[in-house]
Amino acid sequence: MAEQYFPFADAPRQEEYNPCIRCGLCLESCPTFQQTGRELESPRGRVQLIAAVAEGVVPLASPRLAETLFTCLDCRACEVACPSGVPIGSLIEKGRAQVVAAEQSKPRPRRGRSVNRATHWAVRHVMPYPRRLRTLASLLGGMQRLRLLGTFSRPLPIGMRRLASALPEPGLRRVPAPQLAASGRGGLRTGVFLGCVMEVIFSDANAATVRVLTKNGAEVKVPQAQTCCGALAVHAGDRDQARALARQNIDAFLQAEVDVIATNAGGCGAALMEYAEWLAEDVNYRDRAREFSAQVRDVSVLLKEMNFRPPRSTPRPQVVTYQASCHLHNVMKAGSAPVDILKQIPGLEVREMADAARCCGSAGIYNLTHPIMAEALLRTKMADVPDGTETIATGNPGCWLQMLHGVKTYRPGVSVRHVVQILDEAYASEESEAGDVLADAEKAR
Ligand code: SF4
Ligand code: SF4
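Rules used throughout
- Residues numbered from 1 in each chain as written.
- Chains lettered and ligands numbered in written order.
- Predicted model: local features only at pLDDT ≥ 70, side-chain atom pairs only at ≥ 80, totals over all residues.
- Heavy atoms only, no water.
- Helix = DSSP H or I, 4+ residues; strand = E, 2+ residues; numbered from the N terminus.
- Buried < 20%, exposed > 50% of the residue type's maximum accessible area, 1.4 Å probe, protein only.
- Areas by Shrake-Rupley, 256 points an atom, 1.4 Å probe, with all protein chains shown as cover.
- Pairing = 2+ DSSP bridges.
- Axes fitted to C-alpha atoms, helices over the stretch in contact; angles between N-to-C directions.
- Contact = heavy atoms within 4.5 Å.
- Near = heavy atom within 4 Å.
- Nonpolar A, V, L, I, M, F, W, Y, C, P; charged D, E, K, R; others polar.
- Parallel < 35°, antiparallel > 145°, perpendicular 65-115°, else oblique.
- Left-handed = near helix turned anticlockwise from the far one by under 90°.
- Salt bridge = Lys/Arg side-chain N within 4 Å of Asp/Glu carboxyl O.
- Expected span 1.5 Å × (residues − 1).
- Phe/Tyr/Trp six-rings, centres within 6.5 Å; stacked < 30°, edge-to-face > 60°.

When its secondary structure is counted, the chain shows 26 helices and eight strands. A burial count over the chain gives 57% of its 445 residues as buried. Just so you have it, the chain exposes about 19,100 Å², and 54% of that area is on carbon and sulfur atoms.

As C-alpha cells, this is what we get:
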C-alpha cells in the first residue's frame, strides 16, 4: 500500500509505522511539541500523518505533510522515549525524501518549496566540497575581519544572517588536514573523521582531537579522501547524495585500515553510524557499510574506552556546563562520557544543565530553514545555562555555532568550547608546567 502512495525509492514501510500504538509517551520529549503543543508538531502526529499518506487518506502533495515533516528537528529525542521502538527519525527522513522527490518531479513553483532553494543548493553544491566551503568561509572570515559582515549579510535570509554573525572571532582558522596526520605509532589504529563544518570553521578542535588521542597512545590516521558525512543531505531529503558521500567515506576509511573511526561532531557521527541503514539495499556496499558503522565512536566515548589519562593540572579554573548534542546523546548514545571527561579535569567545576540533551535549535540546517522555532529553542536553552557558567562545552559544530549566537545574544561573556579542546588545553598546560620546572632546574645548575 505504502508503495502506491509513496511512489519514490525509500518509501516509509508499514512495519516501521505500524508499531506506533499512539500512546503519546513521546510527546513531552519533543522540543517542537513543547513549544507549540500542536499534535502535528509532535512525533505521534508525524508518524500518524505518514501512515495516513501510506493508506491514501492524505495526499503526498499535501502542504500539511511537508510542513509537518520539515518542522521536525530530527533530534531523535522521541525515539529514546518510544516504548514500541518506532524508528521515528528514519520515517521522517524517508517521508521528507518522498516530499522532495514529488516536488522535483513537477514544474517548480518559485515559492512554497519544502526546503528553501538557496539552502538546498548549498547542501548539494557547497557542503560536500571542502574547497568550496573553505572559499565561502574565507570570504565570510575576510568580511568579518574587515567588520563588513553585518553590511554584506543584510540581504541574506534571517537564519543565515544569524549564523554568519555567530562565526567565531577573530576569524576562521584552519589547521590543514595533512598536518593532523602526525601521530603516535603502534597504538589503537584510529581514523579521525574531520567533518566539513568542523574542519573549515573549528579546525582547532580537529587538531585537539588528534593530539589527545595521540597522547593517549592511539596511532592516528586522517584519510585524505574522506568527505562530508551526508547528514545535511539526509535532513534535506536528498538520500541519493547522502549515499554517494557515504560510499566515498567508507572507501576512504576502510582503505586506511583503522580499528576505530573517531568523530568529534555528534551530527556527523550519528550519520556515520547509520551508513549501514542508508546502504542496506546496496549489494556492493552493505557489508562494508556495516563494518564501517560498527567502528564509529565519538571521541569522548573512545577516550573512555581507552581509559584516557586524566590531566594533572588545569589551565584556568572555571565553571563549565555541558550542552549535549542531541545526535550525540540520542543516536550515538554517548551518555555521560563528555561530562565524565570534564569532571576529571582538575580545577573545573561542572554544573549540569537541565535537560542538556534537548535540541538547541541548530539541528543541521534547521536554524536556516526555520529560524523562528530555532530561536525560540535557543532562548529556552540559554535560560537553562546554570548561573555562574563561564564556559559552555559542546560536542558538535552545529550546536557550537548556535551556542555562539546564543551567548552573544543572551549570555554575553560566556565562552563556548569543544570538550576535547578543554582536555587538550589541560594536557598542554601540564607540558608548559613541566617546561617551567626544567627551565628552573637549568637555571639552578
Ligand atoms: S511513543 Fe512511540 S508508540 Fe507511542 S505515540 Fe509516540 S511514536 Fe507512537
Ligand atoms: S525528532 Fe525531535 S523534533 Fe522530530 S518528532 Fe522526534 S522529538 Fe520531535
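Turning to the sheet that holds strand 5 (residues 318-322), a few remarks are in order. Pairing is parallel in the open sheet, where four strands are placed in the order 6-5-7-8. Because the sheet does not close on itself, it has two edges, and the strands there are strand 6 (348-350) and strand 8 (415-418). Direction aside, the axes of adjacent strands within the sheet are offset by 35° on average. In this sheet, strand 6 lies alongside strand 5 in parallel orientation, the contact comprising three bridges. Its bridge partner lying in strand 6, Q318 is registered against L348. Relative to strand 8, helix 25 (residues 397-410) is tilted by about 170°, and along the sheet it contacts strand 7 (391-394) and strand 8.

Let us look at the site of ligand 2. Taken together, C30, P31, T32, P43, R46, C72, L73, D74, C75, R76 and C78 make up the full set of residues near ligand 2. Those elements giving two or more residues to the shell around ligand 2 turn out to be helix 3 (31-36) and helix 4 (43-54). Looking at the shell around ligand 2, its residues break down into seven nonpolar, one polar and three charged.

Moving on, we get to the sheet that holds strand 1 (residues 189-193). Overall, parallel pairing links the four strands, which are arranged 2-1-3-4 in an open sheet. The open sheet is flanked by strand 2 (219-221) and strand 4 (296-298), the only strands paired with a single partner. Across the sheet, the axes of successive neighbouring strands diverge by a mean angle of 35°, strand direction being ignored. Pairing geometry for strand 1 and strand 3 (residues 260-263), over four bridges, is parallel. Residue G191 lies in a different strand from strand 3, and its bridge partner there is I261.

Turning our eyes to something else, we now look at the packing of helix 16 (residues 239-255) against helix 19 (residues 286-295). Where helix 16 contacts helix 19, the two axes come as close as 10 Å, and the packing angle between them is 70°. With respect to helix 19, the axis of helix 16 lies roughly perpendicular. The chirality of how helix 16 crosses helix 19 is left-handed. Every residue of helix 19 that contacts helix 16 at N249, I250, D251, F253 and L254 is listed here: R288, A289, E291, F292 and Q295. Among the residues forming the contact of helix 16 with helix 19, the class breakdown is five nonpolar, two polar and three charged.

Two side chains carrying opposite charge are able to pair once their charged atoms lie near each other. According to the stated counting rule, one finds 25 salt bridges in the structure shown. Between R239 and D10 there is a salt bridge, with the nearest N and O atoms lying 3.3 Å from each other. Placement of the pair is R239 in helix 16 and D10 in the loop between helix 1 (2-5) and helix 2 (14-17), with a sequence separation of 229 residues. For R239, a relative accessible area of 6% puts it in the buried group. A relative accessible area of 22% means that D10 is categorised as partly exposed. In this structure, R13 and E15 form a salt bridge, with 2.8 Å as the shortest nitrogen-oxygen distance.

Helix length check: helix 16 (17 residues) gives 24 Å between terminal C-alpha atoms against 24 Å at 1.5 Å per residue, within 8%. Of the positions making up helix 16, those classed as buried are R239, Q241, A242, R243, L245, A246, N249, I250, A252, F253 and L254.

Position of F6 relative to the elements: it lies in the loop between helix 1 and helix 2. Overall, the relative accessible area of 1% leaves F6 in the buried class. Setting aside anything within four residues of it in sequence, one finds F6 in contact with A11, P12, I50, V53, A54, L60 and Q98.

Turning to helix 7 (residues 88-104), a few remarks are in order. Spacing of three or four residues puts side chains on the same side of an α-helix, whose turn is 3.6 residues. Taking 1.5 Å per residue as the helical rise, helix 7 with its 17 residues ought to reach 24 Å, and the 24 Å between its terminal C-alpha atoms agrees with that figure. Burial analysis of helix 7 places 14 of its 17 residues in the buried class, which makes it a mostly covered element.

Right, let's get into the packing of aromatic side chains. In this structure the tally under the stated criterion is five aromatic pairs. Ring centres of F193 and F253 lie 6.2 Å apart, and the angle between their planes is 40°; this geometry places the pair in the tilted category. Within this pair, whereas F193 is found in strand 1, its partner F253 is found in helix 16, the two being separated by 60 residues in sequence. The two residues F193 and F253 agree in class, both being buried. Here F253 and F292 contribute two aromatic rings whose centre-to-centre distance is 6.0 Å and whose plane-to-plane angle is 75°, an arrangement assigned as edge-to-face. Placement of F253 in helix 16 and of F292 in helix 19 is noted, with a sequence separation of 39 residues between them. With relative accessibility at 0%, the residue F253 sits in the buried group. The class of F292 is buried, set by a relative accessible area of 0%.

This brings us to the pairing of strand 8. As defined by bridge partners, strand 7 adjoins strand 8 across four bridges and the pair is classed as parallel. When the sheet's bridge partners are listed, T394 is paired in strand 8 with H418.

Limitation: the analysis is restricted to geometry and does not speak to function.
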